[in-house]
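# Fold and contact review
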Amino acid sequence: MKRLRLLGQWVFHCVKVGRVLGIDVRIHWSFWALPIGLALVSLPHGWPLAVQAVVLVLLFYAQGVLIHEYGHALMARFYGVKTRDIILTPIGGIARMESLPEKPAQEIVIALAGPATNFLFAIPMALVLIALRAVPFATVQGNPPLFQRWTDYAWALTIANVAMACFNLLPAFPSDGGRVFRAFLSLFLDRVAATRVAVYAGLFVAVLIGAFGLLNRVVQLPFIALLFATIGQMELWMVRRQAAIRRRPRLQSALIHPHVAVRMVPPEEGFSGYSWDAREAAWVEWRQGFPVRICRLYLP
Ligand SMILES: [Zn+2]
């Protein structure tokens, strides 16, 4: 048991790097696989390219990924849903919310707020770069291709933000687009059915993305597809469980007022225990011939 807990601590281990707008930002240990992997892949082409790759990925996380997650978190806050923290992983960020918005319209707005912030950065940035007559990657020189000016980095960030927003808008649950699709379905279906349809539609898209990745040798894509499929199944399980808990019969009990108690007759003198009261359709708890509590079961 202790070993299992240690394994759990290790698997979910994150390091807090700061707190912005009242939300902790944490880095999951696996995040470092991304810059280290990129550096190793680019190193045979020279260390300047490796440094450039690492700088680009760190810049993108510090800007694109963070503003995307803050978009979700701040919109959720607007609807009264708290965000525990934002975790950075090699496949993007996760804004961990303390509860899920139940109203479909709120879920749609919160899901769209993430990609919207990416566009809010990318569109003005592109306009500034166009105004400065900075053609995308015009100053990239040499073999390996190295960025020469800050505008190259700015263009790379702009394109990465647009790509991130578009990828997240794919209707592959649990992506943002998938959440919008689920919320739209829950206008006509109950939450479990809506989630099931969205998860299986997401699974279909994930298989397509994975197959595309395998055929084109983009190794990250099958990995992302597998992760999407797993998270989708986990969310479906969670929504089913929440629905089952909600359907469970509940016990409602109340103390009996002494004025009412004196009019009630115990099953036998000095009775202690429970008796069924047919008129009230409830159980009555007795203590030494005195009724103390009335209990009802009700189905929500
Ligand atoms: Zn998102």
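The next subject is the sheet that holds strand β2 (residues 23-28). One open sheet holds the 4 strands; their spatial order is β1-β2-β3-β4, and the pairing between them is mixed. On the outer flanks of this sheet lie β1 (14-20) and β4 (92-97), each paired with one strand and no other. Strand-to-strand twist of the sheet, defined as the mean angle between neighbouring strand axes without regard to direction, takes the value 25°. Contacts between helix α3 (residues 47-78) and the sheet are confined to β2, β3 (83-89) and β4, with β4 contributing the most and set at about 20° to the helix.

With glycine set apart, most residues show a phi of negative sign, and most peptide bonds adopt trans. Cis peptide bonds are those with omega within 30 degrees of zero, and the linkage from Phe173 to Pro174 qualifies with 15°. Residue placement: Pro174 occurs in the loop between α5 (150-168) and α6 (176-185). Unlike most non-glycine residues, Leu21 shows phi in positive territory, near 55°. Note that Leu21 resides in the loop between β1 and β2. Classification of Leu21 by C-beta neighbours within 10 Å gives exposed; the count is 10. A positive phi angle, close to 50°, is found at Gln288, a residue other than glycine. Residue position: Gln288 is located in the loop between β7 (282-287) and β8 (290-298). Take Gln288: there are 10 C-beta atoms within 10 Å of it, and that puts it in the exposed class.

In this section: the nonpolar core. Residues Val180 and Phe228 are the most contacted members of the largest nonpolar core, which totals 27 residues. Looking at this core, the elements that each hand over two or more residues are α3, α4 (104-131), α6, α7 (191-215) and α8 (220-247). Ignoring any residue separated from it by four or fewer positions in sequence, one finds Val180 in contact with Ile108, Ala111 and Leu112.

What follows concerns the packing of α7 against α8. A packed helix pair is summarised by two numbers, namely the angle formed by the two axes and the spacing between the axes. Where α7 contacts α8, the axes come no closer than 8 Å and their chain directions differ by 170°. Taken together, α7 and α8 sit at an angle that is classed as roughly antiparallel. Considered class by class, the residues forming the contact of α7 with α8 number 18 nonpolar, 7 polar and 4 charged.

According to the domain assignment, the protein chain consists of domain 1 (170-248) and domain 2 (250-298). The C-alpha centroid of domain 2 is placed 49 Å from the C-alpha centroid of domain 1.

Here the focus is the packing of α4 against α5. α5 packs onto α4 with a crossing angle of 150° between their chain directions and a minimal axis gap of 9 Å. One element, α4, and the other, α5, form an angle in the roughly antiparallel class. Both α4 and α5 take part in a crossing whose hand is left-handed. Here Gly114, Pro115, Asn118, Phe119, Phe121, Ala122, Met125, Ala126 and Leu129 of α4 come into contact with α5, specifically with Thr151, Ala154, Trp155, Thr158, Asn161, Val162, Met164, Ala165 and Asn168. A class-by-class count of the residues in the contact of α4 with α5 yields 12 nonpolar, 6 polar and no charged.

Attention shifts here to the pairing of β8. On any regular strand, side chains alternate: one points to one face of the sheet, the next to the other face. Alignment of strand β5 (residues 250-255) against β8, held across 6 bridges, turns out to be antiparallel. Along β8, the bridge assignment pairs Gln252 with Arg296. Sheet topology note: the β7/β8 ladder contains 5 bridges and is antiparallel. Bridge pairing in β8 places Arg287 opposite Phe290. If you look at the hairpin formed by β7 and β8, you'll find 2 residues sitting between the two strands, and Gln288 has a positive phi there, around 50°.

Overall, antiparallel pairing links the 4 strands, which are arranged β5-β8-β7-β6 in an open sheet. Each having just a single partner strand, β5 and β6 (273-277) make up the two edges of the open sheet. Geometrically, the sheet is characterised by an average inter-axis angle of 30° between neighbouring strands, direction not taken into account.

Over its 28 residues, α4 extends 40 Å from the first C-alpha to the last, a length consistent with the 40 Å expected when each residue adds 1.5 Å. Residue Ala113 marks the point of greatest curvature in α4, where the axis turns by about 35°; the proline Pro115 follows within four residues. Taken together, the buried positions of α4 are occupied by Glu107, Ile108, Ile110, Ala111, Leu112, Ala113, Gly114, Pro115, Thr117, Asn118 and Ala122. In the core, the buried residues of α4 are packed alongside α3, α5 and α6.

Here is what the cut-offs are and how they apply
- Residues numbered from 1 in each chain as written.
- Predicted model: local features only at pLDDT ≥ 70, side-chain atom pairs only at ≥ 80, totals over all residues.
- Pairing = 2+ DSSP bridges.
- Helix = DSSP H or I, 4+ residues; strand = E, 2+ residues; numbered from the N terminus.
- Axes fitted to C-alpha atoms, helices over the stretch in contact; angles between N-to-C directions.
- Contact = placed C-beta atoms within 7 Å.
- Buried ≥ 20, exposed ≤ 12 C-beta atoms within 10 Å, placed from the backbone.
- Core = buried A, V, L, I, M, F, W, Y, C linked by C-beta atoms within 7 Å.
- Parallel < 35°, antiparallel > 145°, perpendicular 65-115°, else oblique.
- Nonpolar A, V, L, I, M, F, W, Y, C, P; charged D, E, K, R; others polar.
- Domains from an automatic or database assignment.
- Left-handed = near helix turned anticlockwise from the far one by under 90°.
- Expected span 1.5 Å × (residues − 1).
- Bend = angle between axes of the 7 residues up to and from the residue.

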